[in-house]
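Summary of the model geometry
Here is how the chains run, residue by residue.
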Amino acid sequence: MQVYKFPYYFLGSADTKGVEEKSFVLRGDILWSAEPRRITTLENAYLVCLEGRSEGVFKELPREYAQLPLREHRGKLIIPGLTDLHVHAPQFAFRALGMDKPLLAWLEEKTFPEEGRYHDLAYAREAYTRFVEEVKRGPNTRLCVLATIHGPGSLLLMELLEESGLVSLVGKLSMDRNCPPYLMEENSEGALREWLDAYTQRRAQGGLANTGAILSPRFFPSCSEGSLKALAEIQREEGLPLQSHLSESRDEITWVRELCPQSPHYAGAYEDMGLLKGPTIMAHCVWPEEKEMDLLAQRGVHIAHCPQANMNLASGIAPVRQLLERGIPLGLGSDVAAGTETSIFRAMTDAIQVSKLRSLSFPQERPLSLEEAFYLGTAGGASFFNKLGTMGGRDFAPQKAGSFEQGWDLDALIIDDSSLVGGTTLPLLERLERVIYLSDDRHITEKYVRGKSILP
Ligand code: GUN
Ligand code: FE
């Protein structure tokens, strides 16, 4: 039998306090997923956390962990934290407005005017604080966030997210064409480098341990070819990840074809600018061409599937079954404010529902199962964090998360569904299904991120 590895934990000195707080055992009804087809369930079982990492799930508690503090959650569900792979923090302020418009009109009339306000740090602080509070309260533990073009506001958002205990990647947007004058950067590359320097300084001072930087060209139409090529160069130098939008609406795709007629398709336009080489998230991918999907699979680009946004702006229904079958890495995004809800429980439900509608027109494309949607919202999306650091840059080390495998970061939700009729008497999978479909933050009683409890 393995000997308990951290005897100094029992010394209880001030130095070991962090270790103590992040080393414990959770008992409850545990569900997790390590692959799309299966959710593993274990009733009345033990999840062991050592220094913020999972040691695995056990039906009987192994003796070497018997001395760790036991946090009793009998009768409650314990599941991995969820990852929002695509969310616009500044858009939280105008959720549920302008929902009768298609993408390009919605951007012009609603989004750009709101994002223009974030040069005002007092406004940014108020709006971003509300966004962070909402996410903290809900089921998401990790997020990839787009801010605005404003460096100071984007750094402030990073500070607020860090304080919350959530893990995030945050991007100052790059925009230097086809946008209103108040969002048009004169020197997009210079502004980006300035923000990255400020971020690096904060990290060197010991801040922002859970908050990384991600390059964020808004989308092809708002970035000049010069600025996209400069971004590719910065990515090569710094080893940073990158996020953007891809093939969301038909009008947008037509526009990209006009802007870049020499490229074979939308993803090819990014490729031709030297992008897609590092860890990349592309949101939407509603209308991909065959060859475009081949390229995405080849480059291992993560797609953030944003079903609610795609419904609200009537962009279409993304062919997730095709993406999955081609082995393209996939996660879920709330895409607030094109999506109204921040919760990735809601995105799981939406993803299942729209896939059923799509299969009415394309019967060969089987709808998503509950297991698949759960995987996408947990380990699927979080697998992006494991790609970090792969370019040898200055940012985050790779982090495995989104499941309870041994050695993975322990992000977990404790869920009390006892107030629901039938409550805890149902089989675990049915209890999980209900919690996902009802998407009620009040069911979440505790939330752990990298072994740290973050709810008050
Ligand atoms: N494409 C470019 N910018 C945006 C945005 O803010 N939201 C969505 N949904 N699509 C975009
Ligand atoms: Fe978006």
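Described in the following lines is the structure provided in the data block. In this text, all values refer to a predicted model and were calculated from it rather than measured experimentally.

Counting 118 residues, the largest nonpolar core has Phe131, Leu157, Phe220, Tyr270, Ile303, Phe345 and Met348 as its most contacted members. Considering each element in turn, this core owes the most residues, 7 residues, to helix 3 (residues 121-137). Every residue in contact with Phe220, bar those within four places of it in the chain, is listed here: Arg177, Leu228, Val256, Leu259, Cys260, Tyr266, Ala269, Tyr270 and Met273. Counting residues in each nonpolar core, the second largest holds 14 residues, with Ile30, Ala45, Cys49 and Tyr448 among its members.

It is worth spelling out the sheet that holds strand 7 (residues 167-171) at this point. Here we have 4 strands laid out as an open sheet, ordered 5-6-7-9, and parallel in their pairing. Where the open sheet ends on each side, the last strands, each with one partner, are strand 5 (82-88) and strand 9 (211-213). Taking each pair of neighbouring strands and ignoring which way they run, the sheet shows an average axis angle of 20°.

Attention shifts here to the pattern of salt bridges. Overall, the coordinates contain 27 salt bridges when judged by the stated rule. Here Arg142 ties to Asp409 by a salt bridge, and the two come within 3.0 Å at their closest N and O atoms. Within this pair, whereas Arg142 is found in strand 6 (residues 140-146), its partner Asp409 is found in the loop between helix 13 (370-382) and strand 15 (412-415), the two being separated by 267 residues in sequence. Residue Arg142 is classed as buried on the basis of its relative accessible area of 0%. The partner of Arg442 in a salt bridge is Asp440, with the nearest N and O atoms 2.7 Å apart. Here Arg442 falls in the exposed class, since its relative accessible area comes to 71%. Overlapping salt bridges bring together Arg53, Arg142, Asp409, Asp411 and Arg450 as one network.

What counts, and where the lines are drawn
Residues numbered from 1 in each chain as written. Chains lettered and ligands numbered in written order. Predicted model: local features only at pLDDT ≥ 70, side-chain atom pairs only at ≥ 80, totals over all residues. Heavy atoms only, no water. Core = buried A, V, L, I, M, F, W, Y, C linked by side-chain atoms within 4.5 Å. Buried < 20%, exposed > 50% of the residue type's maximum accessible area, 1.4 Å probe, protein only. Helix = DSSP H or I, 4+ residues; strand = E, 2+ residues; numbered from the N terminus. Contact = heavy atoms within 4.5 Å. Pairing = 2+ DSSP bridges. Axes fitted to C-alpha atoms, helices over the stretch in contact; angles between N-to-C directions. Salt bridge = Lys/Arg side-chain N within 4 Å of Asp/Glu carboxyl O.

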